[in-house]
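# Overview (structure and organization)
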Amino acid sequence: MGAMSARTDENNGPHRAGFACFVGRPNAGKSTLTNALVGQKVAITSNRPQTTRHSVRGIVHRPDAQLILVDTPGLHKPRTLLGERLNDVVRTTWAEVDVIGFCLPANEKLGPGDRFIAKELAGIKKTPKVAIVTKTDLVDSKTLAEQLIAIDRLGTELGMEWAEIVPVSAVAGKQVELVAELLIPMLPESPPLYPEGDLTDEPEQVMVAELIREAALEGVRDELPHSIAVVVEEMIPREDRPADRPLLDIHANIYIERPSQKGIVIGPKGQRLKDVGTKSRKHIEALLGTPVFLDLHVKVAKDWQRDPKQLRKLGF
C-alpha cells in the first residue's frame, strides 16, 4: 500500500498542474468520481458502457494545484472499427497523462475485464498508477479489506507497482478530497493551465450532443445501446431578443443505424422524442446558463459504426 505522505503547508510548495485520467470497466464509478472532484456535473454518467465518447476534461482547481481530468472512453475488446478506434485513443491518452487512476468497484470481485485493463496498464511503464476502490458505501469493512488485498496482489502478479491504493465513495462524499491530494503530488510543477473559472474545455457543442445522447439512451436501454450518435448542427442566439431574455436555438440530429430504429427513438405519437427534448433541454440550460429552444430530428445513417466516412462525420 502506498504510504500516506505528510502534507507540507500549501503555500510553500511549488504550484503543480497536469493531467489525470480514470480508467476502469463500464460502471466502475469513473464519471461519478470526476463529478464529485470537480463539484459540478461535467462528465456524462450512465450505466451504459461507452456513453462517454469524448475527452471531457473536468478541472479541479486548488490554491496550490490544478488537476485536469481527461475522460477516455472505456477500453474493451474491439468488435468493430469504432471499437478499434476507441482503443487507439485510449492507449495514446494513457501514455500522455501524468497519472492514471484505475477505478475498481468495492462491491464486485475482480473479473476478467479488470485484468484486461490492468495488463494494458502494466505495459505503460512511466506513468504512476493509483488504484481507486470506488463505491465503498456499498460494502462492509471486511469485504473492502479483501478487495484492497486482491488489488495489491493483482499489481504484484503483473509486476506493477501501485503508487497508492485508496478507497473512496463519491456518492457518500467520503475520501474524495484524499483522492485529489494523492494525485496532485504526482503532477509536474507548472503554472495553472486553464483559467480559474473553467470546469471543462470540451467545446460546448460536444457537451450538448452528449447530454442529448444521454437522454435519448435513457428510454431505450436494451433496444439500441450504441447505435445512437448525436450531432449538433448549429447553436445560434435568436435574433431580436431583449438582452435580459436571450434564447439560444439549438438544432441537433439524432442518428440511428436502421430505419426500424426510428420508431423506437420517436416513440408512440412522438412522445419519447418529446421527453428526450424536455429532459436534455433542462440539462443543457443548466450547463450553458441560458434558455434554449431545442430542435431535434431523428435521421438514419446506415451502419455508421462500421463506416469510416460516417464515423468521421460524427466526430470519431
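What counts and what doesn't
Residues numbered from 1 in each chain as written. Predicted model: local features only at pLDDT ≥ 70, side-chain atom pairs only at ≥ 80, totals over all residues. Heavy atoms only, no water. UniProt positions renumbered as here; feature names shortened; annotations may be inferred. Helix = DSSP H or I, 4+ residues; strand = E, 2+ residues; numbered from the N terminus. Buried < 20%, exposed > 50% of the residue type's maximum accessible area, 1.4 Å probe, protein only. Phe/Tyr/Trp six-rings, centres within 6.5 Å; stacked < 30°, edge-to-face > 60°. Lys NZ or Arg CZ within 6 Å of the ring centre and 35° of its normal. Expected span 1.5 Å × (residues − 1). Contact = heavy atoms within 4.5 Å. Pairing = 2+ DSSP bridges. Axes fitted to C-alpha atoms, helices over the stretch in contact; angles between N-to-C directions.

With an unreviewed UniProt entry as reference, the protein is termed GTPase Era, source organism Streptomyces maoxianensis. In its Subunit (unreviewed entry) section, UniProt records this for the protein: "Monomer."

Attention now moves to the overall build of the protein. Scanning the protein for helices and strands turns up nine helices and nine strands. Across the 316 residues that make up the protein, the buried fraction comes to 48%.

Right, let's get into the packing of aromatic side chains. Under the criterion given, the structure shown has one aromatic pair. Taking 6.0 Å as the distance between ring centres and 35 degrees as the angle between the ring planes, the aromatic pair formed by F102 and W162 counts as tilted. Residue F102 is found in strand 4 (residues 99-105), and its partner W162 is found in the loop between helix 4 (141-157) and strand 6 (164-167); the two are separated by 60 residues along the sequence. The same class applies to F102 and to W162, which are both buried. Its end group placed over the ring of F293, R238 keeps NZ or CZ at 5.5 Å from the ring centre.

This part is about helix 8 (residues 271-288). Between its first and last C-alpha atoms helix 8 spans 25 Å; for 18 residues at 1.5 Å apiece the expected length is 26 Å, and the two agree. Among the residues making up helix 8, those that are buried are L273, V276, G277, S280, I284 and L288. Positive phi shows up at G289, right after helix 8, with a value of about 65 degrees.

Looking now at the side chain of T290. Considering the arrangement of structural elements, one finds T290 in the loop between helix 8 and strand 9 (292-300). If near-sequence neighbours (up to four positions away) are discounted, T290 is found in contact with P246, L248 and E285.

All right, on to the side chain of S169 then. Its place among the elements puts S169 in the loop between strand 6 and helix 5 (176-183). Look at S169 and you get buried, because its relative accessible area is 1%. Sequence-distant contacts of S169, that is, excluding residues within four places in its chain, are made with T136, D137, K174 and V176.

So, about the sheet that holds strand 7 (residues 229-237). Taken in spatial order, the three strands line up as 7-8-9 in an open sheet, and their pairing is mixed. Strands with a single pairing partner mark the edges of an open sheet, and in this sheet they are strand 7 and strand 9. Between one strand and the next, the sheet's axes are offset by a mean angle of 15 degrees, whatever the strand orientation. Where strand 8 (residues 248-256) and strand 9 come together, nine bridges link them in parallel fashion. Across the sheet, residue N253 finds its bridge partner in strand 9, namely H297. Helix-sheet contacts for helix 8 involve strand 7, strand 8 and strand 9, and the interaxial angle to strand 9 is about 135 degrees.

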